[in-house]
Amino acid sequence: MGELQNRLFKFQKESRTAYEDIKKILNDKYCWKCPMRSTRTQSQCREIHSGRVLQESFDEGIMNHLLETDIDQIEVEALITRMLKKKIKRAGGNQKATTIMMKVDAEQNMDLASDNWLKIKINPRRVKIGDKILVSDEVMDHLLLGSYALVAGFPFHVACVKRIFHKGNFWYVEVENGEILSLESVFGVLIGECEDDYMSIEEEIDIFSLKIMDMLPDSDLKEVSDLFFEKTKNILKSEICYIAFIDPENKDSVGVSFSHLTESCQMYEEIGEARFKVLNDGSYGGLLGYSLDTGKSFFVHDISNHPAAHGLPPGHAPVNQFLSVPVKWKDEILGQIVVGNPEEDYNQDHVKIAENIASIYALVLKILL
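Model, not experiment: these values are computed from the prediction.

Could you give an account of the packing of helix α6 (residues 201-215) against helix α7 (residues 221-235), with specific residues and numbers?
For the pair α6 and α7, interaxial distance at closest approach is 11 Å and the crossing angle is 175°. Regarding the angle of α6 to α7, the classification is roughly antiparallel. Taken together, the residues of α7 that come into contact with α6 (itself represented by Ile201, Glu204, Ile205, Phe208, Lys211, Ile212 and Met215) are Glu223, Val224, Leu227, Phe228, Lys231, Asn234 and Ile235. Each residue belonging to the contact of α6 with α7 can be placed in one class, and the counts come to nine nonpolar, one polar and four charged.

Listed below in structure tokens is the structure:
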């Protein structure tokens, strides 16, 4: 490995020199014409542009060399994509086949309904004859191929798989019009389309999760929690809801989004939180604190018969059924989600749904707290 490391070290020195040269050329020849020249030290536009053109030159050099060795263009694309996938995997990325839900606009695809959600399998290891696959609209002369191009918004069209074959170390697919492309460069497999009103609960939660992840970390906890409040009420068809986190400083339970059930609730809303102090023994007590004290999810149809219940305070709106799940990150309790007064009796399926929502909220709390 000594010879390889020496050559790589020499290449790194050459790259640094080239990078500095490109920055100087940009500064001398082009930056004076740019309206951002006065802020370039803050925006680092020269540094970004220099890195981009240097990377593109490196990629083009590899591509041209491979083509000069009489390797087919399709195989070159497969090789380059495999390199990219290995780079992402080395950085900790997941290369497993997985299903995602996403919307596309007319600029990305004009044939699919823009109001519908697409269910797509990305990073497919295999496809079948008759599968509908998402492929690029044009030959892509860059390394952003496969599912990365799909998520990045590159235009695509849907093609039907006519033939599948293996050559060398790669799988290839032939589509209806006779075009042949590597499986590596397929954006994804289209599983189906669905409108919001016809989605399963699992699909609805998946889409909600994507929406929440898009908001982080630029949104505040109240804004995100309000979305969890509305989504949880809607999916579990419950009249009331309570979303809370555990204060990492003093372990108080802090309701941040909640239904107004007492006269004090409006005051709590104006303050921005409903804080319940942790007791001296580290517990929270009562039916509201039961899932925090035990770390377990539960539901009751008659709250008066639960051993942890000690009655509702004066002026509290009636609660006829109650479901609560702790928000957990591994074994750490970060908060809780509570619903009540459902349209239909709670059961274990409702608990599982609430736990799935809570798992998303746990990630939010880990990021924002």
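Requested: an account of unusual backbone geometry, with residues and values cited.
Most peptide bonds are trans, and most residues other than glycine sit at a negative phi. Not every positive phi belongs to a glycine, and Lys251 is a case in point at roughly 70°. Note that Lys251 resides in the loop between β8 (238-246) and β9 (253-258). Residue class for Lys251 comes out partly exposed when judged on its relative accessible area of 44%. Positive phi outside glycine occurs at Lys330, with the angle close to 60°. Note on placement: Lys330 falls in the loop between β12 (322-329) and β13 (332-342). Given the relative accessible area of 72%, Lys330 is considered exposed.

Kindly report on the nonpolar core, identifying the contributing residues and their values.
Residues Ile212, Phe228, Val327, Ile337, Tyr361 and Val364 are the most contacted members of the largest nonpolar core, which totals 33 residues. Take this core: its biggest share by element is ten residues, from helix α10 (residues 348-368). Setting aside residues no more than four positions away along its own chain, Val327 makes contact with Glu332, Ile333, Leu334, Gly335, Gln336, Ile337, Ala358, Tyr361, Ala362 and Leu365. Residues Ile240, Leu261, Ala274 and Phe322 belong to the second largest nonpolar core, which totals 14 residues.

Each value, and the rule that gives it
Residues numbered from 1 in each chain as written. Predicted model: local features only at pLDDT ≥ 70, side-chain atom pairs only at ≥ 80, totals over all residues. Heavy atoms only, no water. Axes fitted to C-alpha atoms, helices over the stretch in contact; angles between N-to-C directions. Helix = DSSP H or I, 4+ residues; strand = E, 2+ residues; numbered from the N terminus. Parallel < 35°, antiparallel > 145°, perpendicular 65-115°, else oblique. Contact = heavy atoms within 4.5 Å. Nonpolar A, V, L, I, M, F, W, Y, C, P; charged D, E, K, R; others polar. Buried < 20%, exposed > 50% of the residue type's maximum accessible area, 1.4 Å probe, protein only. Core = buried A, V, L, I, M, F, W, Y, C linked by side-chain atoms within 4.5 Å.

Worth remembering: the numbers are spatial, not functional.
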